[in-house]
Amino acid sequence: MVSSRSLSLLIAPLIATGATFAAENPGSHQHGHAELQLAISGQQVELLLRSPAHNLLGFEHRARTPEQQQRVDSVALWLNETPLINTPAASCTLETADLQSGITGTIEDHQHGDHGQHADFEVIQVLNCPDLGNSDILSTPLIERFPGLEYLEIAWIGPSGQGAVRLAQDENRFSLAP
């Protein structure tokens, strides 16, 4: 499994690419906005998603009701089982996934409360995408799955160079071509 540290080292060059987005998005925790960083090597994609919990859950406190707990569990399962990017042939398979969030767990785990907290989700995935070399177009199911996500900032680095794009609510595809 890829650690946060090793993925950070792989995608560190993306920080420079993301500087444009940082200027437009000064707050790292901004509702409606999320970041997806990709490191592409051959047919392997390592990715990092960072998003305020509100974008994915509709709230950002620990679950207080059984319905909220069900929503947290459903979103966590989806993020751990669904490739966050894919090729036009939908050939990407999930090799590993690691989800970090301060609001996962059960209601009983969180009886101490969390008033006033801003919670985020951080997801690291390693994907195997055999058709990656056949297309410069990738798609993501994130915006369709999570209507609270208004913009998704995507930055990547790979054999063909690096780039970045901002997807809005009506977009789910992007090109890796320069």
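Up top is the structure.
This report concerns the structure included in the present document.

## So, the pairing of strand β4 (residues 120–128)
Each regular strand carries side chains that alternate between the two faces of the sheet.
Piece 1. For β4, the buried fraction is high: 7 of the 9 residues fall into the buried class.
Piece 2. Here 9 bridges tie strand β2 (residues 44–52) to β4, and the two strands are oriented antiparallel to one another. What sits directly across from Leu-49, in β4, is Val-123.
Piece 3. Inspection of the sheet shows strand β3 (residues 93–101) paired to β4 by 8 bridges, in the antiparallel sense. When the sheet's bridge partners are listed, Ser-101 is paired in β4 with Phe-121.

## Focus: the state of the cysteines
Piece 1. As enumerated under the stated definition, the model contains 1 disulfide in all.
Piece 2. A sulfur-sulfur separation of 2.0 Å characterises the disulfide bridge that pairs Cys-92 with Cys-129. The S-S bond linking Cys-92 to Cys-129 shows a torsion near 115 degrees; that makes this disulfide right-handed. Remark: Cys-129 occurs in the loop between β4 and β5 (137–139) and Cys-92 occurs in the loop between α5 (66–81) and β3; sequence separation between them is 37 residues. Across the pair, exposure class does not vary: Cys-92 and Cys-129 are buried alike.

## A closer look at the packing of aromatic side chains
Piece 1. Under the definition given, this model contains 2 aromatic pairs.
Piece 2. Arranged with centres 5.3 Å apart and planes meeting at 85 degrees, the rings of Trp-78 and Phe-146 form a pair that is edge-to-face. Of the two residues, Trp-78 is situated in helix α5 and Phe-146 in the loop between α6 (142–145) and β6 (151–158); the sequence distance between them amounts to 68 residues.
Piece 3. Here Trp-78 falls in the buried class, since its relative accessible area comes to 16%.
Piece 4. The ring of Tyr-151 carries the charged tip of Arg-166 above its face, separated from the ring centre by 4.6 Å.

## Here we look at the sheet that holds β4
Piece 1. Here 6 strands make up an open sheet; going across it, the order is β3-β4-β2-β1-β6-β7 and the pairing mixed. The two strands at the open ends of the sheet, each matched to only one other strand, are β3 and β7 (161–168). Put simply, the sheet's adjacent strands are angled 15 degrees from each other on average, direction ignored.
Piece 2. Against the sheet, α5 contacts β2, β3 and β4, and its axis sits at roughly 140 degrees relative to β3.

## Remarks on the nonpolar core
Piece 1. By size, the foremost hydrophobic cluster in this structure holds 39 residues, and its most contacted members are Leu-38, Leu-79 and Leu-152.
Piece 2. When contributions to this core are tallied by element, the ones reaching two or more residues are β1 (33–41), β2, α4 (53–57), α5, β4, α6 and β6.
Piece 3. Among the elements that make up this core, the one with the highest residue count is α5 (5 residues).
Piece 4. In contact with Leu-79, not counting residues within four places along its chain, are Leu-49, Leu-56, Leu-84, Ala-97, Leu-99, Phe-121, Val-123, Gln-125 and Phe-146.

## Some words on the pattern of salt bridges
Any two side chains of opposite charge can pair if their charged atoms end up close together.
Piece 1. Evaluated as defined, the whole model comprises 2 salt bridges.
Piece 2. Across the pair Arg-50 and Glu-122 runs a salt bridge whose closest N-O atoms are separated by 3.1 Å. With Arg-50 in strand β2 and Glu-122 in strand β4, the pair connects residues that are 72 residues apart, well separated along the chain.
Piece 3. Looking at Arg-50, the relative accessible area reads 37%, which means it is partly exposed.

Rules and cut-offs
Residues numbered from 1 in each chain as written. Predicted model: local features only at pLDDT ≥ 70, side-chain atom pairs only at ≥ 80, totals over all residues. Heavy atoms only, no water. Buried < 20%, exposed > 50% of the residue type's maximum accessible area, 1.4 Å probe, protein only. Helix = DSSP H or I, 4+ residues; strand = E, 2+ residues; numbered from the N terminus. Pairing = 2+ DSSP bridges. Disulfide = S-S within 2.5 Å. Phe/Tyr/Trp six-rings, centres within 6.5 Å; stacked < 30°, edge-to-face > 60°. Lys NZ or Arg CZ within 6 Å of the ring centre and 35° of its normal. Axes fitted to C-alpha atoms, helices over the stretch in contact; angles between N-to-C directions. Contact = heavy atoms within 4.5 Å. Core = buried A, V, L, I, M, F, W, Y, C linked by side-chain atoms within 4.5 Å. Salt bridge = Lys/Arg side-chain N within 4 Å of Asp/Glu carboxyl O.

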